[in-house]
Amino acid sequence: MENLSATVETIEAMERPPVTMTSRLDGELLEVSMGPQHPSTHGVFRMNVALEGEIVRKLKPVFGYLHRNHEQIGENTSYLGSMPYTDRLDYFCSMTNNWAYALSVEKLAGIEVPERAEYLRVILAELTRLQNHASLLGFLLSDMGAWGTPLMYAFREREKILDLFESLSGSRMMCDYMRFGGCRVDASDEWLAAAKKIVDRFPKFLDEFEKLILQNEIVIARTQNVGNLSPELAISAGITGPMLRACGVNYDIRKVDSYGIYPRFKFRVPLGDHGDTYDRLMMRALEMRESVEILKQALPQIPAGPIVNPKVKLRAFRPPAGEAYGRIEAPKGELGFYLISDGGPNPYRYRVRPPSFINLTVLEDLCLGHVVADVMVILGSIDIVMGEVDR
Amino acid sequence: METLEQIKNRAELAARGARIEVVTNPGPSQQSSLLIDNEHAVEVAKFLRDHPALSFDFCSNVTGVDWLERTVRKTTKTKQVVDGVEKEVDQASEEKVPGYLEAVYHLYSMKLKHGPIIIRMRAPNRNDARLPSLTPVWRSAELQEREIFDLYGIHFDGHPDLRRILMWDEFKDHPMRKDYEQPDDFEWEPTPHDEVLVRAKTHYTPRPEIDGAEKITATDRDSLNH
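The following refers to the structure shown. Remember, it's a predicted structure, so these values are computed and weren't measured experimentally.

**Quick word on the overall build of chain B**
Helix and strand counts for chain B stand at six helices and nine strands. For chain B, long-range pairs separated by at least 24 residues make up 55% of all intrachain contacts whose partners lie at least 6 apart in sequence. Just so you have it, chain B exposes about 13200 Å², and 50% of that area is on carbon and sulfur atoms.

**Here's the deal with the environment of Leu192 of chain A**
Residues and elements named next belong to chain A. By the secondary structure assignment, Leu192 is in helix α7 (residues 189–213). Along the sequence, Leu192 and Ser169 sit 23 residues apart, while their C-alpha atoms lie 14 Å from each other. Those residues in contact with Leu192, other than ones at most four positions away along the chain, are Arg116, Ile123, Leu299 and Ile302.

**Some details on the sheet that holds strand β10 (residues 349–353) of chain A**
Residue and element names in this part refer to chain A. Strands sit in the order β8-β9-β10 across an open sheet of three strands; the sheet is antiparallel. Edge strands, defined here as strands with exactly one partner in the open sheet, are β8 (322–330) and β10. Direction aside, the axes of adjacent strands within the sheet are offset by 10 degrees on average. With five bridges connecting them, strand β9 (residues 333–341) and β10 associate as antiparallel partners.

**Re the pairing of strand β4 (residues 46–52) of chain A**
Residues and elements named next belong to chain A. Burial analysis of β4 places seven of its seven residues in the buried class, which makes it a mostly covered element. The alternating pattern of β4 places Arg46, Asn48, Ala50 and Glu52 and Met47, Val49 and Leu51 on opposite faces, both of which are buried. Here strand β1 (residues 30–34) pairs with β4 via five bridges, running antiparallel. Counterpart to Met34 in the pairing with β4 is Met47. Where β4 and strand β5 (residues 55–62) come together, seven bridges link them in antiparallel fashion. Across the sheet, residue Asn48 finds its bridge partner in β5, namely Lys60. Taking the residues between adjacent antiparallel strands as the criterion, β4 and β5 are bridged by two residues, where Gly53 takes a positive phi near 65 degrees.

**Notes on the state of the cysteines**
Inspection of the entire model under this criterion finds zero disulfides over all chains. Left without a disulfide partner, Cys59 of chain B is nearest to the cysteine sulfur of Cys247 of chain A, which lies 18 Å away.

**Digging into the packing of helix α4 (residues 94–109) of chain A against helix α5 (residues 115–143) of chain A**
All names here are of chain A. Packing of α4 against α5 brings their axes to within 9 Å, and their N-to-C directions diverge by 140 degrees. Taken as axis vectors, α4 and α5 run oblique relative to one another. Note on packing geometry: the crossing formed by α4 with α5 is left-handed. Along its contact with α4, which presents Met95, Thr96, Trp99, Ala102 and Glu106, the element α5 presents Glu118, Arg121, Val122, Leu124, Ala125 and Thr128. Looking at the contact of α4 with α5, its residues break down into six nonpolar, two polar and three charged.

**Focus: the side chain of His159 of chain B**
Residues and elements named next belong to chain B. Tracing the chain through its elements places His159 in the loop between β9 (155–157) and α4 (192–201). Within the local environment of His159, its side chain forms a polar contact with the backbone oxygen of Glu142, the two atoms lying 2.9 Å apart. Separated by 3.0 Å, the side chain of His159 and the backbone nitrogen of Asp161 make a polar contact. Ignoring any residue separated from it by four or fewer positions in sequence, one finds His159 in contact with Ser133, Thr135, Ala141, Glu142, Glu145 and Arg146.

**Some words on the packing of α5 of chain A against helix α6 (residues 149–169) of chain A**
Residues and elements named next belong to chain A. Interhelical geometry of α5 versus α6 gives an angle of 155 degrees and a closest axis separation of 8 Å. As the angle between them shows, α5 and α6 are arranged roughly antiparallel. As α5 runs across α6, the sense of the crossing is left-handed. For the pair formed by α5 and α6, the contact residues are Leu124, Leu127, Thr128, Leu130, Gln131, Ala134, Ser135, Gly138, Phe139, Leu141 and Ser142 on the first element and Pro150, Leu151, Ala154, Phe155, Arg158, Ile161, Leu162, Leu164, Phe165 and Leu168 on the second.

**Some points on the pattern of salt bridges**
Summed over the entire model, instances satisfying the criterion amount to 51 salt bridges over all chains. Between Asp207 of chain A and Arg289 of chain A there is a salt bridge, and its shortest N-O distance comes to 2.7 Å. Residue Asp207 of chain A is found in helix α7, and its partner Arg289 of chain A is found in helix α12 (residues 277–301); the two are separated by 82 residues along the sequence. Since its relative accessible area comes to 40%, Asp207 of chain A is described here as partly exposed. Here Glu39 of chain B ties to Arg19 of chain B by a salt bridge, and the two come within 3.4 Å at their closest N and O atoms. Taken together, the residues span a long stretch of sequence, with Glu39 of chain B in the loop between β2 (33–36) and α2 (41–50) and Arg19 of chain B in the loop between α1 (4–14) and β1 (20–23) at a distance of 20 residues. Across the pair, exposure class does not vary: Glu39 of chain B and Arg19 of chain B are exposed alike. Through salt bridges that share partners, Glu71, Glu75, Arg349, Arg351 and Arg391 of chain A together with Glu147 and Lys178 of chain B make up one connected network.

**A word on the interface of chain B and chain A**
On the side of chain A, 48 residues touch chain B, which itself brings 45 residues to the contact. Between chain B and chain A the total buried area reaches about 3900 Å² when both faces are included, carbon and sulfur atoms providing 55% of it. It is Met110, Arg139 and Leu166 of chain B that lose the most area in chain B upon contact with chain A, and together they represent 17% of the buried surface on that side. Taken together, the elements giving at least two residues each to the side of chain B that touches chain A come down to β3 (58–67), β6 (100–109), β7 (114–123) and α3 (141–152) of chain B. Per-element tally for the side of chain B that touches chain A: the top contributor is β3 of chain B, with nine residues.

**As for the packing of aromatic side chains**
Residue and element names in this part refer to chain A. Using the criterion set out here, one finds 22 aromatic pairs over all chains in the structure. With centroids separated by 5.4 Å and ring planes inclined at 70 degrees, the aromatic side chains of Phe63 and Phe357 adopt a geometry described as edge-to-face. One end of the pair, Phe63, is in the loop between β5 and α2 (70–76); the other, Phe357, is in helix α13 (residues 355–359), with 294 residues separating them in the sequence. By the burial criterion, Phe63 is buried, and Phe357 matches it.

Parameters and conventions
- Residues numbered from 1 in each chain as written.
- Chains lettered and ligands numbered in written order.
- Predicted model: local features only at pLDDT ≥ 70, side-chain atom pairs only at ≥ 80, totals over all residues.
- Heavy atoms only, no water.
- Helix = DSSP H or I, 4+ residues; strand = E, 2+ residues; numbered from the N terminus.
- Contact = heavy atoms within 4.5 Å.
- Areas by Shrake-Rupley, 256 points an atom, 1.4 Å probe, with all protein chains shown as cover.
- Pairing = 2+ DSSP bridges.
- Axes fitted to C-alpha atoms, helices over the stretch in contact; angles between N-to-C directions.
- Buried < 20%, exposed > 50% of the residue type's maximum accessible area, 1.4 Å probe, protein only.
- Disulfide = S-S within 2.5 Å.
- Parallel < 35°, antiparallel > 145°, perpendicular 65-115°, else oblique.
- Left-handed = near helix turned anticlockwise from the far one by under 90°.
- Nonpolar A, V, L, I, M, F, W, Y, C, P; charged D, E, K, R; others polar.
- Polar contact = N/O pair within 3.5 Å; in protein donor to acceptor, adjacent residues only side chain to side chain.
- Salt bridge = Lys/Arg side-chain N within 4 Å of Asp/Glu carboxyl O.
- Buried area = accessible area lost by both parts, 1.4 Å probe.
- Phe/Tyr/Trp six-rings, centres within 6.5 Å; stacked < 30°, edge-to-face > 60°.

The analysis is restricted to geometry; functional conclusions fall outside its scope.
This is the structure we're talking about:
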C-alpha cells in the first residue's frame with residue numbers, strides 16, 4: 001500500500017487553505033497510526049494520519065480487521081441460514097438488518113407480508129432507531145471526553161428497549177426475528193402495552209438529554225463548523241441516512257420507496273442547514289422525536305391476524321431464478337441486500353450494501369484541515385459499526 | 001421514470017457507438033438491467049447522471065459477480081421423420097456459455113427520487129479482468145470498486161486509489177471468486193522461526209535414532225550456505 005511520506009511534502013506544496021492553528025513542525029509531516037485499538041474507533045478501525053503540527057493533512061482509513069467474508073458465507077448457506085448472521089452485521093440494529101434481508105428475499109421470490117407483521121416490523125425498526133441514535137449520542141460524548149455519564153444515560157433507555165426485544169425474540173441484540181413473509185413470534189397485548197409505556201416516557205428522556213448535550217457550550221464549541229460536508233459531495237459519495245439529511249438533502253427511503261406500511265404514518269423528515277458535526281448530532285435527536293411519533297401511531301393501530309404468510313415454505317426454500325435489490329432506511333443509512341438466485345437452495349450472489357462503510361468514503365474530506373482531536377468527533381458523528389464496515 | 005428501452009435508446013443516441021443491451025430479469029422483482037460495453041461505459045454513465053430527465057446522481061450499490069463457464073441444457077422441438085411418420089421430437093442440446101466477471105451498479109436519483117436502474121459491465125478474461133472505473137462519475141464507487149478489486153480481482157482503469165481494502169496487502173488470491181480454493185491450513189504463516197529452525201538443525205549432527213525422521217540433507221545445507 002501507499003506509504004504516507006513523513007518528510008517530503010512542504011506546506012507550499014500542499015496548497016491547502018490557510019488554517020488558524022499555528023503549531024507546525026517546519027513543514028514536516030508526522031505520520032500517526034490512529035487505532036486499531038482505540039476506544040473511539042468503535043471497534044477495530046485504523047486511520048493513517050499525516051499531521052502537520054496538530055493539523056490533519058492526509059488521512060487514509062485502513063479496513064479489514066473484522067473481515068470474515070460475510071458474503072461468501074451467505075453464498076454457502078441457505079437463504080434462511082443467513083438470517084441469524086445478518087444480526088452480526090450492525091450488531092446495534094439487528095432488527096433493521098433482518099428487515100432489509102427479509103425485504104430483499106421477498107422481492108426476489110415475490111412474497112406478500114401480512115398486515116400485522118408489517119406493523120410489528122415498523123414498531124421494531126423504530127424502536128431500533130431510538131436505541132441506536134440514543135447510544136450514538138452517548139458514544140460521541142464519550143469520544144469527546146465526557147466519560148461515562150451521558151453514555152450511561154443513553155444506555156439506561158437502550159436497556160429498556162433491549163428488554164422489550166428480549167421478551168419478544170428471546171435475545172437482546174441478536175434477535176433473528178424476521179422471517180420471509182412475516183415475523184417469527186407474535187407480540188402479546190402485554191408486550192404492546194409495555195412498549196407503549198416505554199415510548200410514552202421516551203420524550204421526557206429526550207428533553208433531558210437534549211438539554212444536557214445539545215445546548216452544552218463545550219459540545220457546541222467542539223462540533224459546530226467541524227467536518228462540514230457539502231450536499232454535492234454527499235450525493236456524489238453516496239452518503240445516506242442522517243448524515244445526508246444533515247447536509248439538507250431531503251432523501252429518506254421511508255418516504256421515497258415507501259416500503260412496508262410507512263405511507264400510513266405521518267412523520268416529518270428533519271433536515272440540517274450546514275452539514276457540520278453539530279447538525280449530524282441534531283439530526284439524531286430530531287429523528288428520535290419522529291420515531292416516537294411513528295410508534296405512537298403504530299402501537300394502537302396494530303390489527304389482529306396472522307404474522308407470517310402461510311404460503312411461504314421456509315424449509316427447502318428455493319426462490320425462482322432472478323435477482324433483486326432491496327433496501328431500507330436503517331438507522332445508519334441505506335442498508336441494501338442484492339441477491340441473485342439461480343433457482344437453487346443457496347443464493348448465487350449475496351451482497352450487503354453497508355451504509356456505514358460507504359459513509360466512510362468522505363472521512364478524509366471531512367477531516368482535512370482540522371486538528372487531530374476533531375478526527376474522533378467527526379468519526380463518531382458518522383456512526384460506524386465495524387461488524388458492518390468490514391463484514 | 002422512463003422504461004429501460006427508452007433509456008437505452010436515449011443513451012445510444014447520446015454516446016455514439018455505444019452498444020447497450022437490456023438484460024431481462026426472469027424473477028418477480030422486475031429489476032432488469034442494462035449491459036454496457038466497456039469502451040463507452042464512462043460516457044454512458046455521465047449521460048445517465050447528467051441528463052435532466054434521468055439525473056441518476058446517486059450510485060447506491062456497486063458489486064461484482066463471478067459467472068463461471070457453464071453449460072446450459074436446452075430442449076428444442078424439431079420435426080423428424082420417425083418410422084415414416086413425421087413427429088415432434090425433443091432434441092436436447094448443450095450450449096457452452098463462456099464465463100465472465102461482472103460489475104453491477106445500482107443507480108438512483110436523489111433529485112427526482114426515482115430508480116433503481118441497474119447497469120452492468122462484463123470482463124471476459126479471468127486472468128486479466130479489466131473494466132473502466134466509474135469513480136470519476138460517482139464518488140461512492142471508490143471504496144466499493146476497491147472491494148471488487150480485492151475480492152474479485154477486477155482491475156478498474158482510472159480508479160484514483162486502487163489497492164486491497166478488506167484483505168491484507170500481501171494476500172495473493174481473490175476470495176469471492178467461485179473457483180477460489182481455501183488454503184488447507186489457515187494457521188500457517190511464514191515466520192522467521194521456520195528459517196531459524198532449519199538453520200539451527202545444521203548445528204547438530206543428525207540423530208535419526210532419537211529425532212525420528214529429522215534428517216538434514218545435503219541440499220538443505222547448500223541452500224542455507226549460499
